[in-house]
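# Close look at the chain arrangement
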Amino acid sequence: MAILNLLTAGLFLAGASSALPTTDLGSVHRASGCGKKAADVRLNRRITASLPSGRPYLFWVPPNYDPRKPTPLILSFHGATKTPDAQADLDLLTTPFFNTDHIVVYPSSGEYGANKGRYWQGAPQVPANVDDVGVVLDILDAMEARLCIDRARVYATGKSQGGLMTNNLACDPRSAARIAAFAPVSGSYYVNVTGPACDPLTLEFECHPQRAHVPLLIFHGGADQTINYTGGARSGECVPYIPHFVDAWAARDGVGGGSGSARREGPLPGAGDNATLYRYGDGPLEDLVEFVYDGDHVNHQWPATIVNADSIEYDSAPATFNASELIMGFFGRYNLGGRRSPRGSSWFW
Ligand SMILES: *[C@@H]1O[C@H](CO)[C@@H](O)[C@H](O)[C@H]1NC(C)=O
Ligand SMILES: *[C@@H]1O[C@H](CO)[C@@H](O)[C@H](O)[C@H]1NC(C)=O
Ligand SMILES: *[C@@H]1O[C@H](CO)[C@@H](O)[C@H](O)[C@H]1NC(C)=O
Ligand SMILES: *[C@@H]1O[C@H](CO)[C@@H](O)[C@H](O)[C@H]1NC(C)=O
C-alpha cells in the first residue's frame, strides 16, 4: 500500500509537456463535492443510498477521508442475483488489509422477472434497451457532488455479471472517458448469438471505447464451472474462450493480441505454480492489459487465499493469491491521463 501513498503525494497531469505541481491540477482532479463538510456521511461504515430513480447503491468512505483532499473511488459490481453487501464481503475492499484510502461504491443492478433477480446490462435476463452504464455514471455524479472525489482516479471491478458490467463500462465511450482502469473477475462476457455463430474462439464483441489505451486486469479460473474458461453457449447466448476475450482487448488497445510479440507469460509472483500472469504491451504501454489465469483448480470465485462466500458456494479450494491485492496494485499504476512513471512522480503514456 506504500505505492498508493506515493501516488497521492505526487499527482501530475499526464500529457502535459512539463510536470505541473499538484496544486495546479485542482480543477482537473477535484469534484464539486470538495470542501463540503459532508456531515451526513459517516466514515468507515457501509452507507445505503439511492438515485432519484430508486436505483440503490452502497458506499463506504475510508476513515482518513478529508473533504479538502481529492480521494480516489472504486466501483465494485456484484454478480447475478447477488447484492452490494455480498460483493463488499467478497472483495474486502472496505477492510484496511486491502484499502485504506479509496472510497468504494457498490451499485445494485436492476431487478427482473417474478423473482426480482438482479442482473446487469448485457446479460440474457436483461432487456436490450437497459442502460446500466448511464445509471452508474449517475451514481458517480451523485458521489462527486457529495464527496471530494479525485475524478482522474475512478476505477471499476466486479465479479461474474459484475465483470460483464465492468467490461460494459470499459467498452462504452461515456464511461471509458471517466474511469481510469478496469478489473473484471470471472466475467460472463455475453454476446447475443446462438448456433454455429457461437464460436468461442472467434466471437466478435460490441466494444467501442473511443479511447486509445484502456488499462485492464482480467481474472479467470481454469475450473470455472459457471462461466467456463473455454466458453460456449450459455443461457441462450454465447460466452467467449477467455484467452480470446483477453486477446481482443489487447488488439483493441494496440498492444498485440494473439501470439503477438508484446505478450509475456510467467508464473504469477507469489502464487506458487498455480496461477499464470500474461502481460501485454511494451515501453510506456507496458502491462496495459494483464490476464491472471487463476489456476487449474480455481472455480467461479473471487480469488482469495482465505475461505470466502464463493469458495463455499462453489465448493472450491481457496486460490493461492488475493485478487484484491493485485487489483489495488494495478489501479494504483493508472489515472485517467495514463500510467505512473517508474519514478512515481508523473503520469504518461
Ligand atoms: C437476443 O437476440 C434475439 C434475436 O435477435 C432477440 O430476440 C433478443 O431480444 C436478444 N436478447 C437480448 C437480451 O438482447
Ligand atoms: C468446460 O467446457 C469443456 C467443453 O465443453 C468441458 O470439457 C469442461 O469440462 C468444462 N469445464 C468445466 C470446469 O466445466
Ligand atoms: C496448487 O497447486 C498444487 C500443486 O499442483 C495443488 O496441489 C493445489 O491443489 C493447487 N491449489 C490451488 C488452489 O489451485
Ligand atoms: C489474503 O488476504 C487475507 C485477508 O483478507 C489475509 O489474511 C491473507 O494473509 C492474504 N494472503 C496473502 C498471500 O497475502
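Above this text sits the structure in question.
Structure report, in brief. (Residues numbered from 1 in each chain as written. Chains lettered and ligands numbered in written order. Predicted model: local features only at pLDDT ≥ 70, side-chain atom pairs only at ≥ 80, totals over all residues. Heavy atoms only, no water.)

The next subject is the nonpolar core. Formed by 91 residues in total, the largest nonpolar core has its most connected members in Phe59 and Leu147. Looking at this core, the element that brings in the most residues is helix 4 (residues 132–146), giving 7 residues. Every residue in contact with Leu147, bar those within four places of it in the chain, is listed here: Ala31, Gly33, Cys34, Ala38, Val41, Phe59, Val61, Tyr65 and Ile103. Residues Tyr112, Tyr119, Val126 and Tyr190 belong to the second largest nonpolar core, which totals 9 residues. (Core = buried A, V, L, I, M, F, W, Y, C linked by side-chain atoms within 4.5 Å. Buried < 20%, exposed > 50% of the residue type's maximum accessible area, 1.4 Å probe, protein only. Helix = DSSP H or I, 4+ residues; strand = E, 2+ residues; numbered from the N terminus. Contact = heavy atoms within 4.5 Å.)

Looking at ligand 1, the residues that line it are Pro124, Val126, Ala128, Asn192 and Glu237. Here Asn192 contributes a side-chain N or O atom positioned 2.3 Å from an oxygen atom of ligand 1. Computed on the free molecule, ligand 1 has an accessible area of 360 Å², of which 37% lies beneath the protein chains in the complex. Across the shell around ligand 1, the residue classes tally to 3 nonpolar, 1 polar and 1 charged. (Near = heavy atom within 4 Å. Polar contact = N/O pair within 3.5 Å; in protein donor to acceptor, adjacent residues only side chain to side chain. Areas by Shrake-Rupley, 256 points an atom, 1.4 Å probe, with all protein chains shown as cover. Nonpolar A, V, L, I, M, F, W, Y, C, P; charged D, E, K, R; others polar.)

Around ligand 2, the structure places Ala223, Asp224, Gln225, Asn228 and Thr230. Side-chain polar atom of Asn228 to an oxygen atom of ligand 2: 2.3 Å apart, as the coordinates give it. A distance of 3.3 Å is found between an oxygen atom of ligand 2 and a side-chain nitrogen or oxygen belonging to Thr230. Looking at the shell around ligand 2 residue by residue, the class counts come to 1 nonpolar, 3 polar and 1 charged.

The 10 strands lie next to each other as 1-2-4-3-7-8-9-14-13-12, forming an open sheet whose pairing is mixed. Two strands bound the open sheet, and with one partner strand each, they are strand 1 (46–50) and strand 12 (263–267). Mean inter-strand twist for the sheet, computed between neighbouring axes without regard to direction, equals 20 degrees. Across 2 bridges, the pairing between strand 8 (residues 181–185) and strand 9 (residues 216–220) is parallel. When the sheet's bridge partners are listed, Phe182 is paired in strand 9 with Leu216. Sheet strands in contact with helix 5 (residues 161–171) are strand 3 (71–77), strand 7 (149–159) and strand 8, and its direction is about 140 degrees off that of strand 7. (Pairing = 2+ DSSP bridges. Axes fitted to C-alpha atoms, helices over the stretch in contact; angles between N-to-C directions.)

Further remarks concern unusual backbone geometry. Of note in the backbone geometry, Leu92 takes a positive phi value of approximately 55 degrees without being a glycine. Relative to the elements of secondary structure, Leu92 occurs in the loop between helix 3 (84–91) and strand 4 (103–107). Within the chain, Ser160 stands out as a residue other than glycine whose phi angle is a positive 60 degrees. Following the sequence through the fold, Ser160 ends up in the loop between strand 7 and helix 5.

On to the environment of Glu313. Here Glu313 is to be found in helix 8 (residues 309–313). Taking the C-alpha atoms as reference, Glu313 lies 9.1 Å from His300; in sequence the two are 13 residues apart. There is a polar contact of 3.4 Å between the side chain of Glu313 and the side chain of Tyr314.

Tracing the chain through its elements places Ser316 in the loop between helix 8 and helix 9 (323–332). Looking at Ser316, its side chain comes within polar contact range of the side chain of Gln301, at 2.6 Å. Not counting the four nearest positions on each side in its chain, Ser316 is found in contact with His297, Val298, Asn299, Gln301 and Ser311.

As used here, a disulfide is simply a covalent bond connecting the sulfur atoms of two cysteines. A complete count under the given rule lists 3 disulfides for this structure. Each sulfur of the disulfide joining Cys34 and Cys148 lies 2.0 Å from the other. Across the S-S bond linking Cys34 and Cys148, the dihedral sits near 85 degrees, which makes this disulfide right-handed. With Cys34 in the loop between helix 2 (26–29) and strand 1 and Cys148 in the loop between helix 4 and strand 7, this residue pair connects regions lying 114 residues apart in the sequence. (Disulfide = S-S within 2.5 Å.)

With that settled, consider helix 7 (residues 242–252). Most of helix 7 is tucked away: 9 of the 11 residues are buried. Buried residues of helix 7: Ile242, Pro243, His244, Phe245, Val246, Asp247, Ala248, Trp249 and Ala250, and no others. Buried residues in helix 7 make contact with helix 5, strand 9, strand 13 (276–280) and strand 14 (289–293). One or two steps after helix 7, the chain reaches Gly254, where phi turns positive at roughly 70 degrees.

With that out of the way, let us pick up the layout of surface pockets. The space that makes up the largest pocket amounts to roughly 560 Å³. In terms of lining, the largest pocket is formed by 24 residues, of which the most central are Gln121, Gly122, Asn168, Tyr190 and Glu206. Among the residues making up the lining of the largest pocket, the classes are represented as 15 nonpolar, 6 polar and 3 charged. (1 Å grid on protein atoms, 1.4 Å probe; cavity = no way out; pocket = protein on both sides within 12 Å on 5 of 7 lines; lining within 4 Å. Points joined across faces, edges and corners; volume = space filled by probe spheres on them.)

Moving on: the packing of helix 4 against helix 5. For the pair helix 4 and helix 5, the least separation of the axes is 10 Å and the interaxial angle reads 85 degrees. Between helix 4 and helix 5, the angle is such that the two are roughly perpendicular. Residues Asp132, Val133 and Val136 of helix 4 form the contact with helix 5, whose own contacting residues are Met165, Asn168 and Leu169. When the residues that make up the contact of helix 4 with helix 5 are grouped by side-chain class, the tally is 4 nonpolar, 1 polar and 1 charged. (Parallel < 35°, antiparallel > 145°, perpendicular 65-115°, else oblique.)

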